[in-house]
Amino acid sequence: MKNQKSRFPSLLVVSLIGVLALVGCNRSGDSSSDTTSGSSYSEEPPINEYEGNLLEHEASITFWHTMGAANRAVLDQMITGFNAIYPNITITHASQGDYDALRDKVSAAIPAGTTPTMAYCYPDHVADYMSAGAIQNLNPYINSTIFGLGLEDDPTLAGPVSDFIPGYWQEGREYMTPGTYSVPFSKSTELMFYNKTFFDAHSLTVPTSWEQLIAVARQIKTIDPSSTPFGYDSDANWFITLCEQMGIPYTSLNADEHFLFNNDQAKDMVEMIKGWYDEGLITTQGSSPNNAYTSTQFTEGKLYMTVGSTGGTRYNFSTNFEVGVAAVPQYQGSTKIISQGPSITVFKRATDAEKIAAWLFYKWISNTRNSAVYSVLSGYNPVRSSSFETDVYTTNRVVTPGTESELIADVAAFVPAIEDWYFVSPAFKGSSTAREEVGGILANVLLGLKSIDDAFYDALVACVFSSEE
Amino acid sequence: MEKKNNWKAWLYLAPVVILTGVFIFYPLINTIGIAFLKNYNYLTGTSDGFTLDNFGYVLGITPRMYMGIPLYYKDVIQIAVPNTLLIVFVTVPLSIIISLLIAVGLNSIKWFKKILQTIFFIPYVTNAIAVGMVFAVIFDGFGLWNYLFGIAMPTYWIDMGADPSKAMFALCVYIIWHSLPYKILIFLSGLQNIDKQYYDAAKIDSAGRFKTFANVTVPLLSPQILYIMITSFIGAFKEYSSVMGLLGRSGTAPGNNNMYTIVFYIYDSIAVNKVHQGAAAAVLLFIIILAFTGIQFWVSKKRVHY
Amino acid sequence: MKFDLRKMLNLKSSSERADARRERPQYKSIDTKSMTLVLKEGGLTAVQMETLQKIMKVISMVLIYAFLAVMAVIILLPFYWMIITSLKTNTEIRASQQTFWPEVVMWSNYVDVFDRFDFATYLVNTLVVGILSTIGTLFTTIFAAFAFARLQFKGKNFLFTLLLATMMIPGEMMVITNYITVANFGWLKDQTGVFAAMIVPFWISVFYIYLLRQNFLQIPNELYLASKVDGKTDWNYLWKVMVPLSMPTLISIFILKLMGAWNSFVWPNLVADKQEYRLITNGLRSSFSTTAGEPEYALQMAATVLVTVPLLLLFIFFRKYIMKGVGRAGIKG
């Protein structure tokens, strides 16, 4: 990455000087006092005359995320590359723990006026922050003719919007107000990992539908009665994915009826899963009594198939058997898999210079090459289609046979095939609660801690009581 | 005989008055105010005016209509309150009895007294979160507890899917363990203050150990017992970090708050931006504690010997 | 119902109580008749009686020691378990046959922990925050306790009652308002500010004011009057007489407060938004939260050992002050 320094002499950047009509939102002295009826987000932000050039303006930006040490090191490399282009921009970044901790921190920082410039986010978090008027609509930046996406001679090498995986890009636009409030960065999806050694030995077919899955699971059960053939790591994702595949209402953007999951079809669906569970065919993380991820149980040989996040591919690797990769089973020909993993959002409160700096930084870390680099090193998916074709992603990948890097490579090779399958659920204030609660429905019903009706009622109560009256 | 020196006194008190004003009383009043606000949003500081509904919601008596269905919030009244009361009425008496016995034992021995006294105080200097994590290991499905008591492994106490009464048992064991040292110390220093002549008198009367304990020790320790009762009851009503340390979550399944305590609920309410309901719960808790403490004083008035 | 918390908590000074004891007649509920009863029923001679009593005494001492030993084991077991778990492999921890000594001693667990757990930074931060907040607390406490113990002023009882009443309030509800307050002070922008936010709100402890006031009250009035005669000011009297006389209590407060900083979790977690500002307990909770798979008990316990040991050392060195300081609270009512 370092050799890119020579490719972008500062001259090139200096050529950007001129009348930089930089867009951005006025730094309204106190953004938290903006009252927040959704309508305060207009598509047309005030446009400021921005004098001078990007290089003369010192800007310090803060980036909050949840990266572990390994991924932070990758980010530091990217920052070094970025500072070679923009030495005037200082980037501080810090992990805030897990996603919940990050959300709590940001939620507390909003009224206090101490928000960072940019942060990792899930759409539900953004919906929360938006209700406090804290999030910057990025459309003006995306469409800017000076530093937008897909411009020629862009020192950050950021390709056009159309290069982003559509499902990922769309997620940042699924809010109650029009605009783009988050942009994809470290995305993942779910895949099914199966014990290829076992499947080959017993000539089992890898299932592509739930019907087939259950049939195969029953076969496995006759071969190895002590096993649980199938595990789904995330209870919430299974519930939501099945709703999406089966066309069952889950949530909607309609403010009066956000929470639609309390319906008979969904209850039937849960009853169906409960039947499989009682038969000993399936398990989930939430219903695994010893708290174990299904990926762990899979690698220990207790399961023969498991659905898990591509971001956690390495946890499905085992030295005891060969691991195969397949798509998540579908329902009657549907093609739906969930898109997950954090995006990045920019806070309104930052100054114009900071927001532009943050945007430039985002463009840099999400460009074709960097997205591929981050993907290869972290196991997340690239956010740009063009990243799949880079040498970083394909030929230069370091693969040591018989290690987890091989499985990561298998996943990387598989992911482009399901590029169009991604769906996202609507994001609104309270959608994160809905997500947690439906996961809870499944776990509680499977564990027998609640009846189906009680579990649905409790989940709905939890959702409604955490939303506004 | 000493004249009033108002301004000087207030000068000495200024740091405390300012700090309590800013960091205790103002937030407290703010909290009480929030309990009466509809749709209070702490992110923006806005609300939709005065309401009493927050109390009704928390108590599970006022429904919220959603798409034509009345919904009642039950986690506080059906889970948090019973759990808190269970913790209060199980851990406080048990830990008082155990610590009293240990203190009396320590007071009646000569050898190893110092070392034992030190050992019994050690849990006091530990971190609730850290030790909670240790107890989580002990109560693991494959943990020490099951092993020691010959319970088939894995039997789950605090893991996903564990029966809430089992998790509550583990929690109470942990709370009692963690609350013993302070009580032992207070009782022991109380015992050491008791005049020897009472015991000598009991000896002359050749009263048995138990009789001496019941008729001499307990009455003479009553100020300490009252003090310990009040502080432990208040502490038990506010139990939170023990649950956090032991379980790290509010229940034995995701989306299940079966291990809620009242303060855990209050805490959760901040996280999901329903501070107004949390504030109402906090006000109710304050009233409960106040009433409870008042009753204890009232009951003990004639029973405590000074 | 009359509810005067101050009077209720400030029961009686110990001298008053000692007087009360002296005045109280011999304990009534044991009467001498029972003694004769025992003699008659036992039908024993005085010598036999004495031997029996001796045997009974030995038996009861054995029982007491046995009871105390069992309880001591129960108290110590979690610490032992923490240490040996920190030295086991994860497989051994989850084996169905639990071992009381690690099969393979995994010192490498500690190396792994140091990789993920920035102990040195957390330690320095915790000490800085702990010591500064403790020193501030000592000053505010000394001043306030002096005013409450020594000076007469309007509203004294009311204010003291009010302060004591705050001890009953669940602190959790103040967190959000306080967070907004420190942010409005502009304290969350840099390290100094964040440290101020972790220190200043804790410059007050109602409990320690109460503790020290009780201590000050014990200092005989005559000393004060004598110092007045000598022409000493209140200020002089406070620092030259009261503070030196209360040194043990002040040292106890210092150590207990320091331990409090070591254990504080919720508030530092909220205000310290950068890894390098965090305190030790937050590090403990957050360092092992994002790893996938089953909980890494060995590493968790290794980190827990690192957090617990300094406290235990502090305790061993200052045992007397800690135990006296904590014990004092109860004696005074």
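Residues numbered from 1 in each chain as written. Chains lettered and ligands numbered in written order. Predicted model: local features only at pLDDT ≥ 70, side-chain atom pairs only at ≥ 80, totals over all residues. Heavy atoms only, no water.

Peer 1: Please explain the interface of chain C and chain A as it appears in this structure.
Peer 2: Buried accessible area, meaning the area lost when the parts come together, often serves as the stated size of an interface. Taken together, the 16 residues of chain C in the interface contact 19 residues of chain A. Across the chain C/chain A interface, buried area totals approximately 1600 Å², and carbon plus sulfur atoms make up 60% of it. Our count for the chain C to chain A interface comes out at zero salt bridges. At the level of secondary structure, the elements contributing two or more residues to the side of chain C that touches chain A comprise α9 (175-184) and α15 (266-271) of chain C. Looking at the side of chain C that touches chain A, the element that brings in the most residues is α9 of chain C, giving three residues. In terms of residue class, the side of chain C that touches chain A is made up of seven nonpolar, four polar and five charged. (Contact = heavy atoms within 4.5 Å. Buried area = accessible area lost by both parts, 1.4 Å probe. Salt bridge = Lys/Arg side-chain N within 4 Å of Asp/Glu carboxyl O. Helix = DSSP H or I, 4+ residues; strand = E, 2+ residues; numbered from the N terminus. Nonpolar A, V, L, I, M, F, W, Y, C, P; charged D, E, K, R; others polar.)

Peer 1: I keep staring at the domain arrangement of chain B and nothing clicks. Help me out?
Peer 2: Under the domain assignment used here, chain B contains domain 1 (6-71) and domain 2 (75-271). Relative placement of domain 1 of chain B and domain 2 of chain B: their C-alpha centres are 32 Å apart. (Domains from an automatic or database assignment.)

Peer 1: Which parts of the structure should I look at to understand the pattern of salt bridges?
Peer 2: Applying the stated criterion across every chain yields a total of 14 salt bridges over all chains. In this structure, Glu300 of chain A engages Lys302 of chain A in a salt bridge whose closest nitrogen and oxygen atoms are separated by 2.7 Å. Residue classification places Glu300 of chain A among the partly exposed positions, given a relative accessible area of 42%. Connected via shared salt-bridge partners are Lys450 and Asp458 of chain A together with Lys74 of chain B. (Buried < 20%, exposed > 50% of the residue type's maximum accessible area, 1.4 Å probe, protein only.)

Peer 1: How should I be thinking about a positive patch on the surface in this particular structure?
Peer 2: A grouping of Lys110, Lys196, Lys203 and Arg209 of chain B together with Lys57 of chain C is seen on the molecular surface, where their side chains present a positively charged patch. Note that Lys110 of chain B resides in the loop between α3 (75-107) and α4 (113-121). Of the residues examined, Lys110 of chain B reaches a relative accessible area of 76% and is grouped as exposed. (Patch = residues over 30% accessible without salt bridge, like charges linked within 9 Å, V, L, I, M, F, W, Y side chains within 5 Å. Areas by Shrake-Rupley, 256 points an atom, 1.4 Å probe, with all protein chains shown as cover. Lys, Arg positive; Asp, Glu negative; His and termini not counted. Charge placed at Lys NZ, Arg CZ, Asp CG, Glu CD.)

Peer 1: What am I meant to see in the interface of chain C and chain B here?
Peer 2: Listed by partner, the interface residues are 109 residues for chain C and 111 residues for chain B. Counting the surface lost from both chain C and chain B, the interface buries some 10300 Å², and carbon and sulfur atoms represent 74% of this. Taken together, chain C and chain B are joined by one salt bridge. Counting the contacts that link chain C with chain B gives nine residue pairs in polar contact (both at pLDDT 80 or more). Sort the elements by how many residues they give to the side of chain C that touches chain B and helix α4 (residues 46-86) of chain C lands first, with 17 residues. Among the residues making up the side of chain C that touches chain B, the classes are represented as 74 nonpolar, 24 polar and 11 charged. (Polar contact = N/O pair within 3.5 Å; in protein donor to acceptor, adjacent residues only side chain to side chain.)

Peer 1: Hey, could you run me through the pairing of strand β5 (residues 188-195) of chain A in this one?
Peer 2: Sheet faces and side chains relate simply in a regular strand, where the side chains alternate between the two faces. All names here are of chain A. The element β5 is extensively covered by neighbouring structure, given that eight of its eight residues are classed as buried. Side chains Ser188, Glu190, Met192 and Tyr194 of β5 all project onto a buried face; the interleaved residues Thr189, Leu191, Phe193 and Asn195 project onto the opposite face, where all are buried too. Summarising the sheet, β5 and strand β10 (residues 337-340) pair through two bridges and their orientation is antiparallel. Its bridge partner lying in β10, Thr189 is registered against Ser339. Pairing geometry for β5 and strand β8 (residues 305-309), over five bridges, is antiparallel. Looking across to β8, one finds that Glu190 is bridged to Ser309. (Pairing = 2+ DSSP bridges.)

Peer 1: Looking at this structure, how should I read the nonpolar core?
Peer 2: What tends to happen in soluble globular proteins is that the nonpolar side chains get buried as a cluster. With 334 residues, the main nonpolar core has Phe230, Trp238, Phe239, Phe261, Phe361 and Ile441 of chain A together with Phe120 of chain B as its most contacted residues. Take this core: its biggest share by element is 16 residues, from helix α7 (residues 164-193) of chain B. Beyond its immediate stretch of four places on either side in the chain, Trp238 of chain A contacts Trp210, Phe230, Tyr232, Ile273, Trp276, Ile282, Thr284 and Leu442 of chain A. (Core = buried A, V, L, I, M, F, W, Y, C linked by side-chain atoms within 4.5 Å.)

Peer 1: Any chance you could explain unusual backbone geometry here in plain terms?
Peer 2: For residues besides glycine, phi is generally negative; the peptide bonds are generally trans as well. All names here are of chain B. Although it is not a glycine, Met67 sits at a positive phi angle of roughly 50°. By secondary structure assignment, the location of Met67 is in the loop between β1 (64-66) and β2 (69-71). Assessed through its relative accessible area of 44%, Met67 is described here as partly exposed. With phi around 60°, Phe112 is a residue other than glycine that occupies positive phi space.

Peer 1: Just checking my understanding: could you explain the packing of aromatic side chains for this structure?
Peer 2: Any two aromatic rings considered together are summarised by their centre-to-centre distance and by the angle between their planes. By the definition in use, this model includes 71 aromatic pairs over all chains. Ring centres of Phe139 of chain C and Phe143 of chain C lie 6.3 Å apart, and the angle between their planes is 45°; this geometry places the pair in the tilted category. One end of the pair, Phe139 of chain C, and the other, Phe143 of chain C, are both in helix α7 (residues 119-150), four residues apart, so they sit about a helical turn from each other. Judged by its relative accessible area of 15%, Phe143 of chain C is buried. Each member of the aromatic cluster is reached from another via a ring pair, and the members are Phe63, Phe82, Tyr86, Tyr120, Phe185, Phe361, Tyr374 and Tyr380 of chain A. A cation over a ring is seen here: Arg64 of chain B above Phe465 of chain A, with NZ or CZ 5.6 Å from the ring centre. Across the ring face of Tyr224 of chain C, the terminal group of Arg150 of chain C is positioned such that the distance to the ring centre comes to 4.0 Å. (Phe/Tyr/Trp six-rings, centres within 6.5 Å; stacked < 30°, edge-to-face > 60°. Lys NZ or Arg CZ within 6 Å of the ring centre and 35° of its normal.)

Peer 1: I would appreciate a short explanation of the domain arrangement of chain A in the present structure.
Peer 2: Residues and elements named next belong to chain A. Assigned domains within chain A: domain 1 (10-187 + 341-398) and domain 2 (190-338 + 423-468). With 16 residues of domain 1 at the contact, the number on the domain 2 side is 15 residues. When domain 1 packs against domain 2, close to 1300 Å² is buried across both sides, 54% of that on carbon and sulfur atoms. Looking only at domain 1, the three residues that lose the most surface to domain 2 are Asp124, Glu174 and Met176, adding up to 41% of its buried area. For the interface between domain 1 and domain 2, the tally reads zero salt bridges. Between domain 1 and domain 2 we count two residue pairs in polar contact (both at pLDDT 80 or more) in total.

Peer 1: Just checking my understanding: could you explain the sheet that holds strand β2 (residues 89-95) of chain A for this structure?
Peer 2: Whenever strands of a sheet pair, they do so through backbone hydrogen bonds, lying parallel or antiparallel. Residues and elements named next belong to chain A. Across the sheet, five strands lie side by side as β2-β1-β3-β11-β4; this open sheet has mixed pairing. Here the strands that pair on one side only, and so sit at the sheet edges, are β2 and β4 (183-184). Against the sheet, helix α4 (residues 99-112) engages β1 (59-65) and β3 (118-121), with an angle of about 135° to β1. (Axes fitted to C-alpha atoms, helices over the stretch in contact; angles between N-to-C directions.)

Peer 1: What exactly am I supposed to notice about the confidence of the model for chain A here?
Peer 2: If pLDDT is low for a region, its predicted coordinates should not be looked at in detail. Residues of chain A with pLDDT of at least 70 account for 87%, and the chain-wide mean is 83. Note on residues 1-52 of chain A: pLDDT under 50 across the span, and 102 contacts to partners over four residues away in sequence or across chains. (pLDDT = per-residue confidence, 0-100.)

Peer 1: Hey, could you run me through the packing of α4 of chain B against α7 of chain B in this one?
Peer 2: Describing two packed helices takes the angle between their axes plus the distance from one axis to the other. Residue and element names in this part refer to chain B. At a closest axis distance of 8 Å, the pairing of α4 and α7 adopts a crossing angle of 140°. Residues Lys113, Gln117, Phe120 and Phe121 of α4 touch α7, and the partners they reach there are Pro181, Ile184, Leu185, Leu188 and Gln192. Of the residues contributing to the contact of α4 with α7, the split by class is six nonpolar, two polar and one charged.

Peer 1: Please clarify how the environment of Ser295 of chain A should be interpreted in this entry.
Peer 2: All names here are of chain A. Looking at the secondary structure, you find Ser295 in helix α12 (residues 294-299). For Ser295, a relative accessible area of 4% gives the class buried. Linking Ser295 and Phe317, residues 22 residues apart in sequence, is a C-alpha distance of 8.5 Å. Beyond its immediate sequence surroundings of up to four residues, Ser295 is in contact with Asp233, Thr306, Tyr315 and Asn316.

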